[in-house]
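Architecture at a glance
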Amino acid sequence: MGYDITRLEKGDDGYFTVHWSPLFKADKYDIHGSVPAVGGVAELYFKDREGRIQLFRVVRSWFGGLRAVIRQGTDPEMEKDSGMQSIVEENKDRLYYRYSICENKDDMDDVLFFLYESLAPGRHQAEHSGRYERIYLTEVDAGEEKPGASHY
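Now for a description of the structure that goes with this document. Please read these numbers as outputs of a predicted model, since none were measured by experiment.

Definitions and limits used
Residue positions within a chain follow its written sequence, with the count starting from 1. In keeping with the model being predicted, local features are shown solely for residues with a pLDDT of at least 70 and side-chain atom pairs are shown and tallied solely at 80 or more, while totals for entire chains, interfaces and linings include all residues. Excluded from the side-chain calculation are hydrogens and water; included are all heavy atoms of the structure. Secondary structure elements follow DSSP: runs of H or I of four or more residues count as helices, runs of E of two or more count as strands, with numbering from the N terminus. Note on exposure labels: buried denotes an accessible area under 20% of the residue type's maximum, exposed denotes more than 50%, and partly exposed covers the range between, all computed with a 1.4 Å probe on protein chains only. Contacts between residues were defined by any pair of non-hydrogen atoms, one from each residue, lying within 4.5 Å. Areas reported here follow the Shrake-Rupley algorithm with a probe of radius 1.4 Å; residue values treat only the protein chains shown as occluding. In this count, Lys and Arg are taken as positive residues and Asp and Glu as negative ones, while His and the chain termini are left out. A charge is said to be at NZ when it belongs to Lys, at CZ for Arg, at CG for Asp and at CD for Glu. We define a nonpolar core as any set of buried Ala, Val, Leu, Ile, Met, Phe, Trp, Tyr and Cys residues linked to one another through side-chain atoms lying within 4.5 Å. Whether two strands pair comes down to DSSP finding at least two bridges between them. It is the directions from the helix axis to the C-beta atoms whose arc is reported. Polar contact is the term for a pair of N or O atoms within 3.5 Å; when the atoms are in protein, one must be able to donate a hydrogen and the other to accept it, and sequence-neighboring residues count only if both atoms are side-chain atoms.

Quick look at the overall build of the protein chain
Scanning the protein chain from N- to C-terminus turns up 4 helices and 9 strands. Overall size of the protein chain, expressed as C-alpha extent along the three principal axes, is 45 × 30 × 30 Å. Per-residue burial for the protein chain yields a buried fraction of 41% across its 152 residues. For the protein chain, restricting intrachain contacts to residue pairs at least 6 apart in sequence, the fraction spanning at least 24 positions comes to 63%. If you sum the accessible surface of the protein chain, you get close to 8,500 Å²; carbon and sulfur atoms cover 47% of it. Within the protein chain, one finds 20 positive and 28 negative side-chain charges whose respective centroids are separated by 4 Å.

With respect to the nonpolar core
With 18 residues, the main nonpolar core has I5, F16, V41, V111, L112, L115 and L137 as its most contacted residues. Those elements that provide at least two residues to this core are β2 (13–19), α4 (105–119) and β7 (134–141). Residue contributions to this core peak at 7 residues, all from α4. In this structure F16 touches I5, T6, R7, D107, D110, V111, R131, Y132, I135, Y136, L137 and T138, once residues within four positions along its chain are discounted. Core analysis: the next-biggest nonpolar cluster, separate from the first, contains 16 residues, A26, L95, Y97 and Y99 among them.

Quick word on the pairing of strand β5 (residues 53–61)
For strand β4 (residues 40–47) and β5, the ladder comprises 8 bridges, and the chain directions are antiparallel. Bridged to F46 within β5 is Q54. Counted along the chain from β4 to the antiparallel partner β5, the turn is 5 residues long, and its residue G51 has a positive phi close to 90°.

Thoughts on helix α2 (residues 66–73)
Turning to α2, its buried residues number three or more, namely L66, V69, I70 and G73. Down the axis, α2 shows its buried residues gathered within 95° of arc, on one side only. Looking at the buried positions of α2, the neighbouring elements they touch are α1 (28–34), β4, β5, α3 (82–90) and β6 (95–101).

Structural notes on the side chain of S100
Along the polypeptide, S100 turns up in strand β6. Here H19 takes part through its backbone oxygen, which lies 3.2 Å from a polar atom of the side chain of S100.

In structure tokens, the structure reads:
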């Protein structure tokens with residue numbers, strides 16, 4: 001099993017499993033040498049002053065590849081969004097990321113919709129593909145499965 005997104009269909013519902021990579025400390029040289037340049041989803045984190053890991057962004061990459069989007073999202077000189085740039089700058093030595101590969105745009109849309117709805121219900125930050133009545137998602141952290149699946 002790799003760090004990828006898999007899908008099963010049952011009736012009108014879509015069942016997705018996101019197999020996350022381990023959490024890596026963001027270093028531009030390590031990102032360049034180890035993150036694949038393929039489509040996928042990534043989560044960006046920083047470690048707060050109390051040592052807790054805080055999610056600050058969920059990103060997708062289709063054409064540019066995960067390597068490029070993670071690199072941009074963890075480098076204050078490359079980040080274009082001023083709000084995100086300040087977060088990255090303030091935490092530049094405490095940034096982390098994880099990713100999952102997905103080479104199907106509709107699957108990526110459904111997973112992002114689910115993740116965004118989980119983080120900010122009702123804000124509609126991403127549109128789903130429209131293929132399913134309900135979307136179920138299970139996340140598997142590098143090495144262990146989280147209990148239960150949720151749905152939207």
